[in-house]
Amino acid sequence: MDATAPVISQTTGSPRTTVTAIPGDGIGPEVMRAVQRVLAAAGARITWEEAEAGAAVFKRGIASGCPQDTLDSIAQTGIVLKGPLETPVGYGEKSANVTLRKFFELYGNIRPVRELPGIRTPFSGRGIDLVIVRENVEDLYTGIEHMQSAGAAQCLKLITEPGCERIIRLAFALTQAESRRKLACATKANIMKMTEGMMKRVFERVAPEYPGIEASHIIIDNCAHQLVIAPEQFDVIVTTNMNGDIISDLAAGLVGGLGVAPSSNIGDNAAMFEAVHGSAPQIAGRDLANPTALMLSAVMMLRHIGDFAAAEMVEQALLVTLEEGRNLTGDIAPKGTGVGTTAYTDQVIANLGRTSGHPSRQYQPLNLPVWPKGVWHHDSDSRIMMGLDVFIESDHAPERLAASLQAATEGTDFTLKMIENRGVQVWPAHTGEPFLVDLFRCRFLLGTPSEGAPDEIAHLMKRLTAEHHWMHVEKLQRFDGLDGFTRAQGEN
Ligand code: NAP
């Protein structure tokens, strides 16, 4: 894909932008109202279209937590400012947040982590100012889980090449748009060579297209370590979904916690801006909530729609308010001096037009490649079937299981190569003392690797079905001369 391909316009071109506002649950309506007041006072050119999602919707029996009217509004406006949403116990299967992210394919979760004046943390004074770009829809969060036996659960970690390329290009574009210099890709490619390794490989392929950006790879556990011992070294970090979920909350903790952390969720056709915190039901409706996180999310939204002047004005007013420490909400004010949501918001409005000692960055529009519609397909020049991995539930010892599986291969083109248990080879030989559970991966290799072998597969599976309880089967394939499968610990 060409990074200089036509870009999605981040501005509507019209004097006003219509934004879908979802106040949400708990403190959501209070913080939304506060943000809308500040944006109006800053002269932001926004028309709000209010929409509903969350607890009340679930209770009306809508299992997604999002009514069709709300989905239609977002499809129309393409921009959402959202308060926190609850999934009430006993209603709905999926969270309304996840519904929105998946429905609009909001693949990029952007979490800026910046030291804020007046918010004391053990890391104050270090100058932390970084952004975490998290892939938001793939990985373990596809929610594909199966019990393999009554006591063994499995979750599918699905990572795709276009999924990696989209998020990596978003991260490079964001690094450029925010006039930053460094982008680190954080993965666990050393252990998960196919899935996490895919992110690393795509990153290394794409990086040379952005010669002005210092690109590096870091193992995710070291990244977590470095975030705590020297967080100021990072500029932008791009990572897979699960890694990003964890390190983005960790990083928020370095600068004052989830209560002041903003975020955006970016897709090709819609973008959603929200605070990281939840609905804080204990303080809801009491004028106690801190609207800072949603305000900072709205600043991200203003930049996204191209209203850089209003974004900087609101950001600076907020920073002046925090710097001066007057009229802060109870959660961040010095003891005994806290005020309510409304008074804090009034103070931010009063500070509009002032400049803090913390200048805003120079931002440019975020230019993203347009992804082609249709089913993405990576065609390989050659694809050779090498064999099968069959996952079998058994309480037999490995030697006894192996004897029975070898008997099943008689008269077929397959031979039993190895049996493993939770990733460690336990037959024909094993090292150490493996702890065995009732789920074995049994690897069968074809005597004559070929392009398909459907009859051979059917033959073997019929034999195995007669004798064994198998749960799932994976084909062992070689794409363009490279194995599309890993080896078990101890397998040669
Ligand atoms: P939470 O709502 O973030 O609240 C945890 C605590 O953090 C609150 O009790 C409050 O502490 C403090 N807090 C959070 N936001 C604050 C703010 N803006 N101003 C002042 N204090 C704030 O987390 P939770 O209790 O785990 O979740 C509550 C509900 O929110 C759950 O239903 C959850 O599913 C949902 N949730 C939604 C989202 C989302 O929509 N994106 C995200 C997270 C959670 P004090 O008690 O000390 O005042």
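Parameters and conventions
- Residues numbered from 1 in each chain as written.
- Predicted model: local features only at pLDDT ≥ 70, side-chain atom pairs only at ≥ 80, totals over all residues.
- Heavy atoms only, no water.
- Helix = DSSP H or I, 4+ residues; strand = E, 2+ residues; numbered from the N terminus.
- Pairing = 2+ DSSP bridges.
- Axes fitted to C-alpha atoms, helices over the stretch in contact; angles between N-to-C directions.
- Contact = heavy atoms within 4.5 Å.
- Domains from an automatic or database assignment.
- Buried area = accessible area lost by both parts, 1.4 Å probe.
- Salt bridge = Lys/Arg side-chain N within 4 Å of Asp/Glu carboxyl O.
- Nonpolar A, V, L, I, M, F, W, Y, C, P; charged D, E, K, R; others polar.
- Left-handed = near helix turned anticlockwise from the far one by under 90°.
- pLDDT = per-residue confidence, 0-100.
- Patch = residues over 30% accessible without salt bridge, like charges linked within 9 Å, V, L, I, M, F, W, Y side chains within 5 Å.
- Areas by Shrake-Rupley, 256 points an atom, 1.4 Å probe, with all protein chains shown as cover.
- Buried < 20%, exposed > 50% of the residue type's maximum accessible area, 1.4 Å probe, protein only.
- Core = buried A, V, L, I, M, F, W, Y, C linked by side-chain atoms within 4.5 Å.
- Polar contact = N/O pair within 3.5 Å; in protein donor to acceptor, adjacent residues only side chain to side chain.
- Arc of directions from axis to C-beta.
- Phe/Tyr/Trp six-rings, centres within 6.5 Å; stacked < 30°, edge-to-face > 60°.
- Lys NZ or Arg CZ within 6 Å of the ring centre and 35° of its normal.

**A closer look at unusual backbone geometry**
Omega for the peptide link from Trp427 to Pro428 comes to 10°, which places this bond in the cis form. Turning to its location among the elements, Pro428 is positioned in the loop between strand E15 (424-427) and strand E16 (439-450). Here Asp287, not a glycine, exhibits a phi torsion of approximately 55°, which is positive. Positive phi, normally seen in glycine, also occurs at Ala453, with a value near 60°. Relative to the elements of secondary structure, Ala453 occurs in the loop between E16 and helix H13 (454-467).

**Section: the sheet that holds strand E9 (residues 214-219)**
Pairing in this open sheet of 10 strands is mixed, and the strands run E2-E1-E3-E12-E11-E4-E5-E10-E8-E9 from one edge to the other. Lying at the two open borders of the sheet, with one neighbouring strand each, are strand E2 (46-50) and E9. Each neighbouring strand pair of the sheet contributes to a mean axis angle of 25°, computed without reference to strand direction. Packed on one face of the sheet, helix H3 (residues 68-77) meets strand E1 (17-22), E2 and strand E3 (79-82) and runs near 150° to E1.

**Here's the deal with the domain arrangement of the protein chain**
Domain parsing of the protein chain yields domain 1 (16-107 + 117-121 + 255-361), domain 2 (124-254) and domain 3 (383-483). The C-alpha centroid of domain 2 is placed 25 Å from the C-alpha centroid of domain 1. Counting residues at the interface gives 17 residues for domain 1 and 21 residues for domain 2. Interface area, domain 1 with domain 2, both sides summed: about 1500 Å², of which 45% is carbon and sulfur. Looking only at domain 1, the three residues that lose the most surface to domain 2 are Tyr107, Val255 and Arg361, adding up to 49% of its buried area. Seen at the junction of domain 1 and domain 2, the total is two salt bridges. In this structure, Arg361 engages Asp129 in a salt bridge whose closest nitrogen and oxygen atoms are separated by 3.3 Å. Contributing elements (two or more residues each) for the side of domain 1 that touches domain 2: helix H4 (96-103) and strand E11 (262-266). Along the lines of polarity and charge, the residues of the side of domain 1 that touches domain 2 split into eight nonpolar, four polar and five charged.

**Digging into the sheet that holds strand E14 (residues 414-421)**
Taking strand neighbours across the sheet as the criterion, the six strands line up as E15-E14-E16-E13-E17-E18 in an open arrangement whose pairing is antiparallel. Two strands lie at the open edges of the sheet, namely E15 and strand E18 (482-483), each paired on one side alone. Inspection of the sheet shows strand E13 (residues 383-393) paired to strand E17 (residues 469-479) by 10 bridges, in the antiparallel sense. Across the sheet, residue Ile392 finds its bridge partner in E17, namely Trp470. Across the sheet, helix H12 (residues 398-409) lies against E13, E14, E15 and E16, angled at about 155° from E14, the strand it touches most. Contacts from H13 reach E13, E14, E16 and E17 within the one sheet, and its direction differs from that of E13 by about 10°.

**Comments concerning the packing of helix H10 (residues 308-324) against helix H11 (residues 341-350)**
As a packed pair, H10 and H11 sit with axes 8 Å apart at the nearest point and diverge in direction by 115°. Viewed along their axes, H10 and H11 form a crossing whose handedness is right-handed. Mapping the contact onto sequence places Ala317, Leu318, Thr321 and Leu322 in H10 and Tyr344, Gln347 and Val348 in H11.

**What to know about the confidence of the model for the protein chain**
Summarising the model, the protein chain shows a mean pLDDT of 93, and 97% of its residues fall at 70 or more. Per-residue pLDDT stays below 50 along residues 1-14; that stretch engages in 27 contacts with residues further than four places along the chain or on separate chains.

**Observations regarding a nonpolar patch on the surface**
On the surface, a nonpolar cluster with roughly 210 Å² of combined accessible area is contributed by Ile144, Leu156 and Leu158. Residue placement: Leu158 occurs in the loop between strand E7 (152-155) and helix H5 (161-177). When its relative accessible area of 38% is taken as the criterion, Leu158 is described as partly exposed.

**Examining the pattern of salt bridges**
Using the criterion set out here, one finds 33 salt bridges in the structure. In this structure, Asp249 engages Arg111 in a salt bridge whose closest nitrogen and oxygen atoms are separated by 2.9 Å. Separated by 138 residues along the polypeptide, Asp249 in helix H8 (residues 241-254) and Arg111 in strand E4 (residues 108-114) bring together distant segments of the chain. Of the residues examined, Arg111 reaches a relative accessible area of 6% and is grouped as buried. Residue Glu209 is joined to Arg169 by a salt bridge in which the shortest nitrogen-to-oxygen separation is 3.0 Å.

**A look at the nonpolar core**
Core analysis: the largest hydrophobic core is formed by 74 residues, its most contacted members being Leu39, Leu81, Val133, Ile168, Leu170, Phe172 and Leu302. Formed jointly, this core draws a minimum of three residues from each of two domains, domain 1 (16-107 + 117-121 + 255-361) and domain 2 (124-254). One finds Ala408, Ile419, Trp427 and Phe440 within the second-largest nonpolar core, a separate group that totals 22 residues.

**A few points about the side chain of Asp389**
Of note, Asp389 is situated in strand E13. For Asp389, the side chain forms a polar contact with the side chain of Arg441, separated by 2.7 Å. Here Arg443 takes part through its side chain, which lies 2.8 Å from a polar atom of the side chain of Asp389. Beyond its immediate chain neighbours, meaning those up to four positions away, Asp389 contacts Arg441, Cys442, Arg443, His472, Val473, Glu474 and Leu476.

**Side note on H11**
If you check which residues of H11 are buried, you get Thr341, Tyr344, Thr345, Gln347 and Val348. Down the axis, H11 shows its buried residues gathered within 155° of arc, on one side only. For H11, the elements touching its buried residues are helix H1 (28-41), helix H9 (292-304) and H10.

**Let's talk about the environment of Ala280**
Looking at the element boundaries, Ala280 is found in the loop between strand E12 (271-275) and H9. Remark: the alpha-carbon pair of Ala280 and Val98, spanning 182 residues in sequence, is separated by 19 Å.

**So, the packing of aromatic side chains**
One pass over the full model with this rule turns up three aromatic pairs. For the ring pair Phe103 and Phe104, a centre distance of 4.9 Å and an interplane angle of 70° mean the geometry is edge-to-face. Classification of Phe104 as buried rests on a relative accessible area of 14%. Here a set of aromatic residues connected by ring pairs shows up, and it is made of Phe172, Phe203 and Tyr210. In this structure, Arg134 packs its charged tip against the face of Tyr141, placed 5.3 Å from the ring centre.

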